[in-house]
Amino acid sequence: MARHLSSSPKSPPPTPEQQQKQKHLSTRHRSSTPIHPGAESHHLQEIDSPVQLRSEGTMRIVQLNRERALNALDHHMISLIDHAFNEIEPSPNAATVLFRGLARSMCAGGDVMSIVKAADNSDFHKRMHSSRFFEREIVQNYRVHTMREHSTELGHPKTYLGLWDGIIMGGGVGMTVHGPIRIATERTLFAMPETAIGYFPDVGLTHTFSRMDGGIGMYVGLTGGRLNGADAYLTGFATHYMHSHAVDEMLRRISSLPMSTATHEENVVRALDEFTVNPFDDDENLAKNCVFLGDKRVALDFAFTRDTIEQVIAVLDDIAQRRQDSYTGEELAKRGLPAITEDVAAWASQTHATLLARSPRSLKVTFRAIREARDQTLAENMHANIRIATAFCDLSLGRDFHTGVMHVLGKDPKTGKRNAGIPKWEPSRLQDVSDEYLQTFFFSTEEKARKAGMQLKVPKLHLVPVTGKDRESRKAREQEMRGVGPLRWNSKWNKYALPSEAELAALHEGSHPASGSYVLEPAELLETIARYHNNKPGLRLKVQDWLDRRARLQQASP
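Criteria and thresholds
- Residues numbered from 1 in each chain as written.
- Predicted model: local features only at pLDDT ≥ 70, side-chain atom pairs only at ≥ 80, totals over all residues.
- Heavy atoms only, no water.
- UniProt positions renumbered as here; feature names shortened; annotations may be inferred.
- Helix = DSSP H or I, 4+ residues; strand = E, 2+ residues; numbered from the N terminus.
- Buried < 20%, exposed > 50% of the residue type's maximum accessible area, 1.4 Å probe, protein only.
- Pairing = 2+ DSSP bridges.
- pLDDT = per-residue confidence, 0-100.
- Contact = heavy atoms within 4.5 Å.
- Patch = residues over 30% accessible without salt bridge, like charges linked within 9 Å, V, L, I, M, F, W, Y side chains within 5 Å.
- Areas by Shrake-Rupley, 256 points an atom, 1.4 Å probe, with all protein chains shown as cover.
- Salt bridge = Lys/Arg side-chain N within 4 Å of Asp/Glu carboxyl O.
- Lys, Arg positive; Asp, Glu negative; His and termini not counted.
- Charge placed at Lys NZ, Arg CZ, Asp CG, Glu CD.
- Axes fitted to C-alpha atoms, helices over the stretch in contact; angles between N-to-C directions.
- Parallel < 35°, antiparallel > 145°, perpendicular 65-115°, else oblique.
- Left-handed = near helix turned anticlockwise from the far one by under 90°.

> Account for the UniProt feature "domain: Enoyl-CoA hydratase/isomerase" (unreviewed entry) in the chain, naming residues and giving values.
Residues given the UniProt feature "domain: Enoyl-CoA hydratase/isomerase" (unreviewed entry) here are residues 60-442. Secondary structure over residues 60-442 splits into 52% helix and 9% strand, and the C-alpha atoms at its two ends are 39 Å apart.

Structure, rendered in structure tokens:
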């Protein structure tokens, strides 16, 4: 549909102060490789543009339109998205921003084939294009995170929504997961499969993974495991779940909200809640087969909260072989899993095989990056991400990124078909990826890495703030990192998703706003958190599973 900005409700013209802020923010967010804005604005309206900007009432829709490439992002698309955001943020006629993709894929990630080809170029400046892609992508991801803050400064607050009605991976996750609302459906296929191509889950996802319940983030990050819409909603990657046939009606509902109503984020969430359903009501096998519930969840948490990736793999092997008398078996019994069932063993066996097929270097980098991200702000994590991404793009330090992409996305020259088997990782064993190598080239300063032989320069994320050392900056950082309860629950993080286990632990401890003056019994806790979250669909299933696992743990403890 063509854009009809004139049909939107009118607001008073911006004040001189708001105009000055608008000018400042527009400059601050300008694309690092700007294209003539008039030409790009016009291009956003063309039917064949890979990124389109549509207007529906008080909603602006940024729509990816590269169907044959599963809406994978390239440099040009990032520029177009920048221009779309530049139009949207200061608009007095828009209150919500929806990011979506056409056809069966929301966004399958970045165009990694072109990235690794650039990284393998003999020309240094062309090699730098690989890491500069990640620079622009990460800056844009941070812009999503701060869109409401910046648009509010301009006097026109915007609420950002990601529609995951299809395949959502890599860069597509980065373009949505840092916003307040992500909507899953039965068509959702969520994954961060970077370790399968010799890379790591970037775009701020190590920050997200580090804050997920138990071992879930580490499991998804290391394995690249694929989640359906129900799983994405249950774990908190998605904040809402609805049937795909309800999406169009939901969009009409949100876009028709009056400006005075839609500028308040909580009103947008209330409208979304009208369409949100419990995915596990549709199919009883969804809960039965879900790895994030019951016995499998007990095994997952134990395996993926170990201190090293080697320990993770060893534990999975014990579970797969059903070694009940091993240390793993004894520890699982203490956690309420006295017998390793065939179902749990089958999951562990498949997961073990998956990890053995991944790049050893990628696994070690990812494991450490997720562990360290727990003590980073999102901005700090973004800077860490570009540092690590640059090291992966520097093929003089190791070619796994190039090897993995060419194997997974390329074709066998002899058969003309997709490559089979495991890529030829180098090194091929975890024990050959030393801690010294990791520290020097991925986790130390750029200066130390370059002295040791890294060739590429780390791009500067000029639009992502660096934590200051002054008192005010330290205080702001402390406030962002502060949490309550034994698991450091932060009420501002992922607040529209199902309650996290950190929140449940805070409620049980008595440090939650809904806590009373005495310790709640399980049934009371369930009812209290259900009321606090307005009986959000699926909440009772998740909370009851947490209560059941806690009860089993207490019963098994001596």
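> Requested: an account of the pairing of strand E5 (residues 159-164), with residues and values cited.
Regular strands have side chains that alternate between both faces of the sheet. Burial runs high along E5: 6 of the 6 residues are buried. Bridge analysis of strand E3 (residues 96-101) against E5 gives 4 bridges, and the strand direction is parallel. Considered in E5, the bridge of valine 97 is made with tyrosine 160. Inspection of the sheet shows E5 paired to strand E7 (residues 181-184) by 4 bridges, in the parallel sense. Counterpart to leucine 161 in the pairing with E7 is isoleucine 181.

> Any details on the confidence of the model for the chain? Residues and values, ideally.
Counting all residues, the mean pLDDT for the chain is 92, and 92% of those residues have values of 70 or more. Predicted confidence is poor over residues 1-12, with pLDDT under 50, and the contacts of this stretch with residues over four places away or in other chains come to 21 contacts. Note that pLDDT drops below 50 for residues 16-37; the model gives that stretch 31 contacts with residues more than four away or on any other chain.

> Tell me about a negative patch on the surface, residues and numbers included.
Side chains of Glu186, Asp281, Asp282, Asp283 and Glu284 sit close together on the surface and give a patch of like negative charge. Structurally, aspartate 281 can be placed in the loop between helix H12 (265-273) and helix H13 (284-289).

> Which residues make up the sheet that holds strand E9 (residues 227-228), and what values do they have?
Strands sit in the order E4-E6-E8-E9 across an open sheet of 4 strands; the sheet is mixed. Unpaired on one side and paired on the other, strand E4 (105-107) and E9 mark the two borders of the sheet. Taken together, the 2 bridges between E4 and strand E6 (residues 167-169) define a ladder with parallel strand orientation. Opposite cysteine 107, over in E6, you have isoleucine 168 as the bridge partner.

> Tell me about the packing of helix H18 (residues 360-373) against helix H21 (residues 435-443), and please be specific about residues and values.
Two elements in contact, H18 and H21, have axes whose closest approach is 11 Å; the angle formed by their N-to-C orientations is 65°. If you check the angle between H18 and H21, you find them roughly perpendicular. Crossing angle aside, the handedness with which H18 passes H21 is right-handed. Along the contact surface, H18 presents Arg361, Lys364, Val365, Arg368, Ala369 and Glu372, while H21 presents Asp435, Tyr437, Leu438, Gln439, Phe442 and Phe443.

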